[in-house]
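Next come the chains, spelled out residue by residue.
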Amino acid sequence: MVASTVQHTGRDEAPALTLDDVRAAQKTLSGVARTTALEGSRHLGELVGSPVHLKCENLQRTGSFKVRGAYVRIAAMSAEERARGVVAASAGNHAQGVALAASLLGVRSTVFMPVGAALPKVAATRDYGARVRLHGQVVDETLRAAQEYAAETGAVFIHPFDHPDIVAGQGTVGLEILEQCPEVRTVVVGIGGGGLAAGLALAVKSLRPDVRVVGVQAEGAAAYPPSLTAGHPVTLDSVSTMADGIMVGRPGDVPFGIIAEMVDEVRTVSEDALSSALLLCLERAKLVVEPAGASPVAALLSAPETFEGPVVAVLSGGNVDPLVLQRTLRHGMAAAGRYLSLRLRLTDRPGALAALLAELSVADVNVLDISHVRTDPRLGLTEVEVDLHLETKGPQHCAEVKASLVRAGYTVTG
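Residues numbered from 1 in each chain as written. Predicted model: local features only at pLDDT ≥ 70, side-chain atom pairs only at ≥ 80, totals over all residues. Heavy atoms only, no water.

### What about the overall build of the protein?
Of regular secondary structure, the protein possesses 17 helices and 15 strands. Overall, the C-alpha framework of the protein stretches about 80 × 45 × 40 Å when taken along its three principal axes. When each of the 414 residues of the protein is scored for burial, the buried share is 54%. If you take every contact in the protein between residues at least 6 apart in sequence, the share linking residues at least 24 apart comes to 74%. About 17,500 Å² of surface is accessible on the protein, with carbon and sulfur atoms providing 51% of the total. Here the protein holds 37 positive side-chain charges and 44 negative ones, and the gap between their average locations is 4 Å. (Helix = DSSP H or I, 4+ residues; strand = E, 2+ residues; numbered from the N terminus. Buried < 20%, exposed > 50% of the residue type's maximum accessible area, 1.4 Å probe, protein only. Contact = heavy atoms within 4.5 Å. Areas by Shrake-Rupley, 256 points an atom, 1.4 Å probe, with all protein chains shown as cover. Lys, Arg positive; Asp, Glu negative; His and termini not counted. Charge placed at Lys NZ, Arg CZ, Asp CG, Glu CD.)

Set out below in structure tokens:
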């Protein structure tokens, strides 16, 4: 379900960046960034009622679009600036993008990451050539540490989204979409600070003003709807979402002006929608995508009838911690009705549990977990309570399993 939608008609002032800046960035990235694939999704196309394509930036170098902006930003620095090195703060994607870009350009890089950053992301950042420093429990603390380091050492701070070169580099995704799918009518893209959405919208709208650009934020980190309403960036009191790639509490000043001018609509999606979208990408498209990268798919699943096709959904990244992936997939399966939790009361006699399991076997469900309770004071002298966690084939199968248990004489209490 779409929790919130903000539509707007733009502002009077024009964005400082132009299409020429994005085209120049594309030349800079030649031979560096991959032209990522555009994959069709039959399942999403059937839901929307027209073709849907997935722009696979999860298959980009470093696993996300971030290397585009980072490389353009560092490449534009003077020789004196490069000699001072660069510093960045990130929990994952921006860290890896800066590390690789700096290495390719022969620039020394230091990346601050939160103490609790996923170990695979920390290892990957080091492997791309950065010196990693763990500091702070949350990204805001890490960001302050990186800025202090820049002030102390003279290293150039590479912002993850709030710089014209970053926005221009991310805008090359939009140029590729128009080249790969000239018939596109709607582009859907996730928004955190706004660098990708701003650059993409600038490229797409400059060449094809008829194409609708829809931004997507997680409900728990949606700074753009109130900011667009206020007409200036607004800082949220708190942010919370599984989609850490778009968990940003305040829009960037540079991308905000472009998004207010050129993005047609910003929607928010729930955590259930995000996990369901990640599960769909894995099962149907065979693509590993992080929750932030799956946000455009979550918007399509939430209200498929509201999108005019052909649609291109940008899968912005695939750097997901395996432990987070495991939890998110479980959440997605529950949201999709693939898990069923039941509480039953049985007569406490030998063979009763075996008979229940035999009934479940006939119903063709997989028992994931079972808890057998005899000591609850609510139970009668000859009663036992059983909590079951089952894997099913979907909502209809859940209903069929419950009905079959009732027909077999079992009392379902929860």
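Past the structure itself, the notes keep going.
### Section: helix α16 (residues 352-362)
Residues Ala352, Leu356 and Leu360 constitute the buried set of α16. Taken end-on, α16 shows its buried residues confined to a sector of 80°, consistent with a single buried face. Looking at α16, the residues exposed on the side facing more than 90 degrees away from the buried face are Ser361 and Val362. Looking at the residues trailing α16, positive phi occurs at aspartate 364, about 65°. (Arc of directions from axis to C-beta.)

### As for the state of the cysteines
Under the definition given, this model contains zero disulfides. You can see cysteine 56 has no disulfide; the closest cysteine sulfur is in cysteine 281, sitting 8.7 Å from it. (Disulfide = S-S within 2.5 Å.)

### A short note on unusual backbone geometry
Cis geometry is adopted by the peptide bond preceding proline 310, which originates at glycine 309 and carries an omega value of 0°. Along the chain, the position of proline 310 falls in the loop between α14 (295-302) and β11 (311-315). Unlike most non-glycine residues, threonine 62 shows phi in positive territory, near 70°. Examined against the element boundaries, threonine 62 turns out to sit in the loop between β3 (52-56) and α3 (66-75). Here threonine 62 falls in the buried class, since its relative accessible area comes to 5%.

### Some details on the packing of helix α9 (residues 172-180) against helix α10 (residues 195-207)
The N-to-C vectors of α9 and α10 enclose an angle of 45°; their axes lie 7 Å apart at closest approach. The angle between the axes of α9 and α10 places the two elements in the oblique class. Seen from above, α9 lies across α10 with right-handed handedness. Contact residues: Val173, Gly174, Leu175, Ile177 and Leu178 in α9; Leu196, Leu200, Ala203, Val204 and Leu207 in α10. Classifying every residue of the contact of α9 with α10 by side-chain character gives nine nonpolar, one polar and no charged. (Axes fitted to C-alpha atoms, helices over the stretch in contact; angles between N-to-C directions. Parallel < 35°, antiparallel > 145°, perpendicular 65-115°, else oblique. Left-handed = near helix turned anticlockwise from the far one by under 90°. Nonpolar A, V, L, I, M, F, W, Y, C, P; charged D, E, K, R; others polar.)

### Comments concerning the packing of helix α1 (residues 19-28) against α10
Orientation of α1 relative to α10, taken along the N-to-C sense of each, is 115°, at an axis distance of 9 Å. In the packing of α1 onto α10, the handedness of the crossing is left-handed. Taken together, the residues of α10 that come into contact with α1 (itself represented by Leu19, Val22 and Arg23) are Leu202, Ala203, Ser206 and Leu207.

### Brief notes about the sheet that holds strand β5 (residues 109-113)
With respect to topology, four strands assemble into an open sheet ordered β6-β5-β4-β7, the strand pairing being parallel. The open sheet has two edge strands, β6 (131-134) and β7 (156-157), and neither has a second partner. Bridge analysis of strand β4 (residues 86-89) against β5 gives four bridges, and the strand direction is parallel. Bridge pairing links alanine 88 to valine 111 in β5. The sheet contacts of helix α5 (residues 93-104) involve β4 and β5, and relative to β4 the element is tilted by about 165°. (Pairing = 2+ DSSP bridges.)

### A short note on the pairing of β11
For β11, a buried count of five out of five residues is recorded, marking the element as mostly surrounded by other parts of the structure. Burial of the side chains of β11 extends over both faces: Val311, Ala313 and Leu315 are buried on one face and Val312 and Val314 on the other. Two strands pair when backbone bridges link them, and strand β8 (residues 186-190) and β11 are joined in this way by three bridges, in the parallel orientation. When the bridges of β11 are listed, valine 187 appears paired with valine 312.

### Things to note about the packing of aromatic side chains
Applying the stated criterion across every chain, the model contains two aromatic pairs. One Lys or Arg, arginine 267, reaches over the ring of phenylalanine 307 and ends 4.4 Å from the middle of that ring. (Phe/Tyr/Trp six-rings, centres within 6.5 Å; stacked < 30°, edge-to-face > 60°. Lys NZ or Arg CZ within 6 Å of the ring centre and 35° of its normal.)

### Topic: the environment of valine 86
With respect to the helices, strands and loops of the structure, valine 86 is situated in strand β4. When near neighbours in sequence (up to four residues on either side) are disregarded, valine 86 contacts Ile74, Met77, Val98, Ala102, Val107, Arg108, Ser109, Thr110, Ala155, Val156 and Ile158.

### Some words on the pattern of salt bridges
Tallied over the entire structure, the rule returns 15 salt bridges. A salt bridge links arginine 42 to glutamate 46; the shortest N-O distance between them is 2.9 Å. Taken together, the residues arginine 42 and glutamate 46, both in helix α2 (residues 42-48) and four residues apart, mark about one turn of the helix. One salt bridge in this structure joins arginine 250 and aspartate 253, with 3.1 Å as the shortest N-O distance. The network of salt bridges with shared partners includes Lys55, Glu57, Arg68 and Glu176. (Salt bridge = Lys/Arg side-chain N within 4 Å of Asp/Glu carboxyl O.)

### A word on the side chain of arginine 267
Mapped onto the elements, arginine 267 comes out in strand β10 (residues 265-269). When its relative accessible area of 6% is taken as the criterion, arginine 267 is described as buried. Engagement of the side chain of arginine 267 in a polar contact is seen with the side chain of glutamate 265, the distance being 2.8 Å. Only 2.8 Å separates the side chain of arginine 267 from the side chain of threonine 306, close enough to count as a polar contact. (Polar contact = N/O pair within 3.5 Å; in protein donor to acceptor, adjacent residues only side chain to side chain.)

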